[in-house]
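As a plain string of letters, each chain reads:
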Amino acid sequence: MDGTFNENDLSRVVEADKAHMWHHLFQHKALESADPRIIVEGKGMRVWDQNGKEFLDAVSGGVWTVNVGYGRESVCKAVYDQLMKVCYFANSAGSIPGALFAEKLISKMPGMTRVYYTNSGSEANEKAFKMIRQIAHKKYGGKKTKILYRDRDYHGSTLATMSAGGQDERNAQYGPFAPDFVRVPHCMEYRKHELGLEHLSGREFGIAAADAIEEVILREGPETVGALCLEPVTAGGGVIEAPEGYWERVQEICQKYDILLHIDEVVCGVGRTGKWFGYQQYGIKPDFVTMAKGVASGYAAIACMVTTEEVFEMFKDDAGDPMNYFRDISTFGGCTAGPAAALENMRIIEDENLLDNCVAMGERMLNNLRKLQEKHAVIGDVRGKGLFLGAELVQDRDTKEPVDEKLAQQVVAECGAQGVIIGVTNRSLPGRNNTLCFSPALIATADDIDAICDAVDKALTKVFG
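Residue indices follow the written sequence of each chain, beginning from 1 at its first position. Since the coordinates come from a predicted model, pLDDT governs what is reported: local features require at least 70, and pairs of side-chain atoms require 80 or more to be given and counted, while whole-chain, interface and lining totals use all residues. Computation of side-chain values covers all heavy atoms of the structure but excludes hydrogens and water.

Caption draft 1: The arrangement of the packing of helix α8 (residues 202–220) against helix α9 (residues 246–256) in detail. α9 packs onto α8 with a crossing angle of 25 degrees between their chain directions and a minimal axis gap of 8 Å. Between α8 and α9, the angle is such that the two are roughly parallel. The crossing of α8 and α9 is right-handed. In this structure, α8 contributes R203, G206, I207, A209, A210, D211, I213, E214 and I217 to the contact, and α9 contributes Y246, E248, R249, V250, I253 and K256. Residue classes in the contact of α8 with α9 are distributed as 8 nonpolar, 1 polar and 6 charged. The axes are straight lines fitted to the C-alpha atoms, using for helices just the contacting stretch, and the angles between their N-to-C directions are given from 0 to 180°. Think of it this way: any DSSP run of H or I at least four residues long counts as a helix, any run of E at least two long counts as a strand, and we number them from the N terminus. Our angle categories are set so that under 35 degrees counts as roughly parallel, over 145 as roughly antiparallel, 65 to 115 as roughly perpendicular, and the remainder as oblique. Left-handed describes a crossing whose near helix is turned anticlockwise from the far helix by less than a right angle; the clockwise case is right-handed. Any pair of residues with heavy atoms lying within 4.5 Å of one another is described as a contacting pair. Only Asp, Glu, Lys and Arg are considered charged in this grouping, and only Ala, Val, Leu, Ile, Met, Phe, Trp, Tyr, Cys and Pro are considered nonpolar; every other residue, Gly among them, is considered polar.

Structure below.
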């Protein structure tokens, strides 16, 4: 730490936090007898709290965001320089960083051509939903309004995106939700028995899991279904990668029934899986791609809804109709800090070969976790892609009964006591909040990866013996 804060300053900050802050994903009763954690500084993959304790951050800011690590002076300078020129103008007009980042982003996404700026992943997804609904009215007489979403997937915290939320515990007490959102089954091979597909494995299971989507489409009526919204790797629902054969079959189904394919890259986008976007791992061609967290690595708020020229053309085919365009605005989609930071973020990833590092370190971490699986019977499954990995904890490997979530949370706490911050599925699925989550920054070194896994090893030993 550089000593910017002194003890008196931090004492005041802590009291102000306890008196006035409402934190995310947190039960505040605990703060009646304890202090909140306040992160005061970050450098590389390390952060420090108000007590000077150092942590190795294995979840990139807690929610898979700080892809290029903390303390990037060049990103801060790019934002400062841009804000001094112009900080904001509504996105009904353009900006220099907005145009340049859109061009740069599209160069990484063959087949996509248009970028719509928003301020969060939830909002980016909601823009796609609105476009899908408007297309249903423009092109299909208002019939193809249904949007399919997958069990265990998460698309945001607004009421519309929660209507497409496949995590029942996260949705609890917030309904009623918007109509015409329809759930399809998950594609998690480790829990294929829940789908009645325990007799299948690998590619056969992947195709069967996708066929389950077709069954829902046929049940609802293909003429009523406008889009299918999926995460390339399910994030908060347990870090789930679809088996071989799944995505190819999904693409076929969408084309067969004239259904738009919306890929939610809010977590996976901009390098997290080892490619610029998670969907690029599987050779599919989406109609909508949404992204947020890693776009600027948290240095500025920015999210994007990206689509094809074919979709874009639908909103200008009759210029004489005053209703025939996307009648929408995102106030902070006009901020210039976001695209300025995003441009520099992308340059860093390119110049430092962080996609290659993500692949290499992801393989190292996956192998380390598999060794821990051999040592600790409580690890039932290890999975993920790139530096986006999960380890599911179970009471019994044969029955796959999850461990009590309090024990999974205790593993997280024990890692924290060692100075390593990891994650766990949190208030997502009733009885299924049992997957440890890892998403270290793309700058991670072999020593960082080994230190994270060593902390997990010690924590599992302490909690489970």
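Caption draft 2: Representation of the domain arrangement of the chain in the model. What fixes the domain bounds is an automatic or database domain assignment. Domain annotation for the chain reports domain 1 (38–67 + 354–464) and domain 2 (73–352). Relative placement of domain 1 and domain 2: their C-alpha centres are 26 Å apart. Buried area: the sum, over both parts, of the accessible surface (1.4 Å probe) that disappears when the two are put together. Broken down residue by residue, the surface that domain 1 buries against domain 2 is led by L355, K385 and F388, which jointly contribute 21%. A pair is scored as a salt bridge if a Lys or Arg side-chain nitrogen falls within 4 Å of a carboxyl oxygen belonging to Asp or Glu. A salt bridge links R427 to E169, with the shortest nitrogen-to-oxygen separation between them at 3.0 Å.

Caption draft 3: Representation of the sheet that holds strand β15 (residues 420–421). Strand order across the open sheet formed by 4 strands is β1-β2-β3-β15, with mixed pairing between neighbours. One side of each edge strand has no neighbouring strand; the edge strands of this open sheet are β1 (39–43) and β15. Of the pairings in the sheet, the one linking strand β3 (residues 54–57) to β15 comprises 2 bridges and is parallel in character. Note on β15: the bridge partner recorded for L56 is V420. Two strands are said to pair when DSSP picks up at least two bridges between them.

Caption draft 4: Structural detail: the side chain of N368. Within the secondary structure, N368 sits in helix α12 (residues 354–375). Among the residues examined, N368 registers a relative accessible area of 14% and is labelled buried. Not counting chain neighbours up to four residues away, the residues in contact with N368 comprise I449, D450 and C453. Partly exposed residues are those whose accessible area sits between 20% and 50% of the maximum for their type, while under 20% is buried and over 50% is exposed, using a 1.4 Å probe and protein chains only.

Caption draft 5: Quick peek at α9. Within α9 the residues assigned to the buried category are Y246, W247, R249, V250, Q251, I253 and C254. Buried residues along α9 sit against β5 (146–150), α8, β7 (225–230) and β10 (260–264). Where α9 terminates, the next one or two residues include D258, which has phi positive at roughly 55 degrees.

Caption draft 6: Quick peek at the side chain of E344. Note on placement: E344 falls in helix α11 (residues 337–351). The exposure class assigned to E344 is buried, which follows from its relative accessible area of 14%. For this analysis, a polar contact is any N or O atom pair within 3.5 Å, provided that within protein one partner can donate a hydrogen and the other can accept it, and provided that sequence-adjacent residues contribute only side-chain to side-chain pairs. Within the structure, E344 has its side chain in polar contact with the side chain of S74 (distance 2.7 Å). There is a polar contact of 2.6 Å between the side chain of E344 and the side chain of R347.

Caption draft 7: Representation of the environment of K192 within the structure. Within the secondary structure, K192 sits in the loop between β6 (181–184) and α8. Exposure remark for K192: the relative accessible area of 16% places this residue in the buried category. Note: C-alpha distance between K192 and L407 (215 residues apart in sequence) is 24 Å. What K192 contacts, discounting residues up to four positions off in sequence, is L197, E198, L200, S201 and F205.

Caption draft 8: The arrangement of a nonpolar patch on the surface in detail. Like charges are joined within 9 Å and nonpolar side chains (Val, Leu, Ile, Met, Phe, Trp, Tyr) within 5 Å, but only among residues with over 30% relative accessible area and no salt bridge; these make up the patches. All accessibility values rest on the Shrake-Rupley procedure with a 1.4 Å probe; residue burial counts only the protein chains present in the view. Together, Y88, F89 and F332 make up an exposed nonpolar region whose accessible area comes to about 330 Å². Relative to the helices and strands, F332 is located in the loop between α10 (309–313) and α11. A relative accessible area of 51% means that F332 is categorised as exposed.

Caption draft 9: Summary view of unusual backbone geometry. Residue G175 is joined to P176 through a cis peptide bond whose omega torsion reads 5 degrees. Mapped onto the elements, P176 comes out in the loop between α7 (168–171) and β6. Even without being a glycine, V270 presents a positive backbone phi close to 65 degrees. For V270, the position within the fold is in the loop between β10 and β11 (288–291). For V270, a relative accessible area of 1% gives the class buried.

Caption draft 10: Up close: the packing of aromatic side chains. Stacked, tilted and edge-to-face are the three classes assigned to paired rings of Phe, Tyr and Trp, where Trp is represented by its six-membered ring and a pair needs centres within 6.5 Å; plane angles under 30 degrees give stacked, over 60 edge-to-face, the rest tilted. Under the defined criterion, the tally for this structure stands at 7 aromatic pairs. On the numbers, 5.5 Å between centres and 70 degrees between planes, the contact of Y116 with F326 is edge-to-face. Of the two residues, Y116 sits in strand β4 (residues 114–118) while F326 sits in the loop between α10 and α11, which places them 210 residues apart along the sequence. Note on accessibility: Y116 and F326 belong to one class, buried. Among the aromatic residues, ring-to-ring pairing joins Y116, F315 and F326 into one connected group. When the NZ atom of lysine or the CZ atom of arginine is within 6 Å of a ring's centre and also within 35 degrees of its normal, the charge is said to sit over that ring. In this structure, K144 packs its charged tip against the face of Y140, placed 5.5 Å from the ring centre.

Caption draft 11: A look at α12. Each helix should span, by expectation, one fewer than its residue count multiplied by 1.5 Å. With 22 residues, α12 ought to run about 32 Å at 1.5 Å a step, and its terminal C-alpha atoms sit 31 Å apart, in line with that. The inward-facing, buried residues of α12 contact α11, β13 (379–385), β14 (388–393), β17 (435–438) and α14 (446–464).

Caption draft 12: A look at the sheet that holds β4. With mixed pairing, 7 strands are arranged side by side in an open sheet as β4-β12-β11-β10-β7-β5-β6. Two strands close off the open sheet at either side, each with one partner strand: β4 and β6. Here the strands of the sheet are splayed against their neighbours by 20 degrees on average, with no regard to which way each runs. Pairing between β10 and β11: 3 bridges, direction parallel. Each residue of the ladder has a partner; that of H262, found in β11, is F288.

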